[in-house]
Amino acid sequence: MSDQKKHYTVYAESTPNPATMKFVANHLVVEGDGGYEFLSAEQAVDAPMVLRLFRFAFVESVFAKDNFITITKLDKIEWHDVVNQIREFIQDNLNAGMAVVNEQNDQAVSNTVQDSRTEHATPKNDVEKNIVAILDEYVRPAVENDGGNILFESFSEGTVNLVLKGSCSGCPSSTVTLKSGVEGLLKQMMPQDVKEVVAVEG
């Protein structure tokens with residue numbers, strides 16, 4: 001007996017970044033730990049729904065992880081004018097069986113989708129492993145709740161370099177969160193190692 005087809009419902013949720021909106025589904029929309037970020041239609045050639053989302057002239061970037069899609073818009077339009085249209089578009093396409101991203105095995109996935117995948121850099125030592133573990137346990141759940149992601153990039157001479165994705169990228173409050181929240185947490189839990197946390201381009 002075949003599995004019953006999933007029925008998706010989608011709702012919209014505002015984020016701390018006024019330029020982004022989080023669209024949450026009742027089932028997973030993508031697999032993978034770090035999610036996927038697309039900054040242009042050219043990057044989305046093997047991400048069918050993302051490519052269609054870029055047909056909306058106001059869509060600037062798309063971030064997809066677990067059961068949500070975060071869309072960043074251009075300033076020329078207000079969310080209240082388009083949020084229901086986008087929510088219904090995502091819901092209808094999910095229910096029609098359209099993939100957000102084609103996620104075959106790594107050998108089969110196109111280079112553009114591979115490049116759009118977002119994951120932690122591989123820790124090189126125990127200090128970096130501890131940083132990643134703290135981020136995963138204490139920081140990422142809250143960041144994902146706001147429609148974003150935070151990724152470990154590197155560690156050198158007391159400085160932790162992190163990459164912000166989704167709603168966190170370009171968010172006016174993200175710098176405050178990074179410095180007062182994440183930096184404070186890491187310095188408290190790893191006082192001998194961590195002196196500073198900075199955001200870098202990823």
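Residues numbered from 1 in each chain as written. Predicted model: local features only at pLDDT ≥ 70, side-chain atom pairs only at ≥ 80, totals over all residues. Heavy atoms only, no water.

J.: Help me out: how do you make sense of the sheet that holds strand E8 (residues 196–199) in this one?
T.: Each strand in a sheet pairs with its neighbour through backbone hydrogen bonds, running either in the same direction (parallel) or in the opposite one (antiparallel). Across the sheet, three strands lie side by side as E6-E7-E8; this open sheet has mixed pairing. Edge strands, defined here as strands with exactly one partner in the open sheet, are strand E6 (148–156) and E8. Averaged over all pairs of adjacent strands, the angle between strand axes in this sheet comes to 30°, irrespective of strand direction. Running over the sheet, helix H4 (residues 126–145) touches E6 and strand E7 (159–166) and is turned about 160° from E6. (Pairing = 2+ DSSP bridges. Helix = DSSP H or I, 4+ residues; strand = E, 2+ residues; numbered from the N terminus. Axes fitted to C-alpha atoms, helices over the stretch in contact; angles between N-to-C directions. Contact = heavy atoms within 4.5 Å.)

J.: Sorry, what's going on with the environment of Val82 here?
T.: On the secondary structure map, Val82 appears in helix H2 (residues 79–95). C-alpha separation for the pair Val82 and Phe58, spaced 24 residues apart in sequence, amounts to 9.5 Å. Among residues more than four places away in sequence, those in contact with Val82 are Phe58 and Ile77.

J.: Looking at this structure, how should I read the sheet that holds strand E3 (residues 36–38)?
T.: As summarised here, the arrangement of the five strands in space is E1-E2-E5-E4-E3, forming an open sheet in which the pairing is antiparallel. If you trace the sheet from one side to the other, it starts and ends with strand E1 (10–14) and E3, each paired once. Between one strand and the next, the sheet's axes are offset by a mean angle of 20°, whatever the strand orientation. Set on the sheet, H2 makes contact with E1, strand E2 (20–25) and strand E5 (68–73); between it and E2 the angle comes to about 30°.

J.: Whenever I open this one, H4 confuses me. Can you help?
T.: Since the α-helix packs 3.6 residues into each turn, any two residues three or four apart lie on the same face. Compared with the 28 Å implied by 1.5 Å per residue over 20 residues, the 28 Å span of H4 between its first and last C-alpha is a close match. Remark: the principal bend of H4, roughly 50°, maps to Val139, with a proline, Pro141, within the next four residues. Within the sequence span of H4, burial applies to Glu128, Ile131, Val132, Ile134, Leu135, Val139, Arg140, Val143 and Glu144. By the N-cap criterion, in which a side-chain oxygen at the helix start approaches the backbone nitrogen of a residue two or three places on, H4 is capped by Asn125, the distance to Val127 being 3.2 Å. Gly147 sits one or two positions beyond H4 and adopts a positive phi of about 85°. (Expected span 1.5 Å × (residues − 1). Bend = angle between axes of the 7 residues up to and from the residue. Buried < 20%, exposed > 50% of the residue type's maximum accessible area, 1.4 Å probe, protein only. Polar contact = N/O pair within 3.5 Å; in protein donor to acceptor, adjacent residues only side chain to side chain.)

J.: Help me understand the packing of aromatic side chains, please; the structure alone is not making it clear to me.
T.: Two aromatic rings, taken as a pair, are described by how far apart their centres are and by the angle between their planes. Applying the stated criterion across every chain, the model contains four aromatic pairs. Between Phe56 and Phe89, the ring centres sit 5.2 Å apart and the planes meet at 90°, which makes this aromatic pair edge-to-face. Remark: Phe89 occurs in helix H2 and Phe56 occurs in the loop between helix H1 (48–53) and strand E4 (59–65); sequence separation between them is 33 residues. In terms of burial, Phe56 and Phe89 fall into one category: buried. (Phe/Tyr/Trp six-rings, centres within 6.5 Å; stacked < 30°, edge-to-face > 60°.)

J.: What is the right way to look at the pattern of salt bridges in this model?
T.: As a working rule, side chains carrying opposite charge can pair if their charged atoms are close by. According to the stated counting rule, one finds five salt bridges in the structure shown. When the shortest N-O distance is used, the salt bridge between Glu88 and Arg87 registers 3.7 Å. One salt bridge in this structure joins Arg140 and Asp136, with 2.8 Å as the shortest N-O distance. Here Arg140 and its partner Asp136 are both found in helix H4, four residues apart, which amounts to about one turn of the helix. Overall, the relative accessible area of 3% leaves Arg140 in the buried class. (Salt bridge = Lys/Arg side-chain N within 4 Å of Asp/Glu carboxyl O.)

All we've got here are geometric facts, nothing functional implied.
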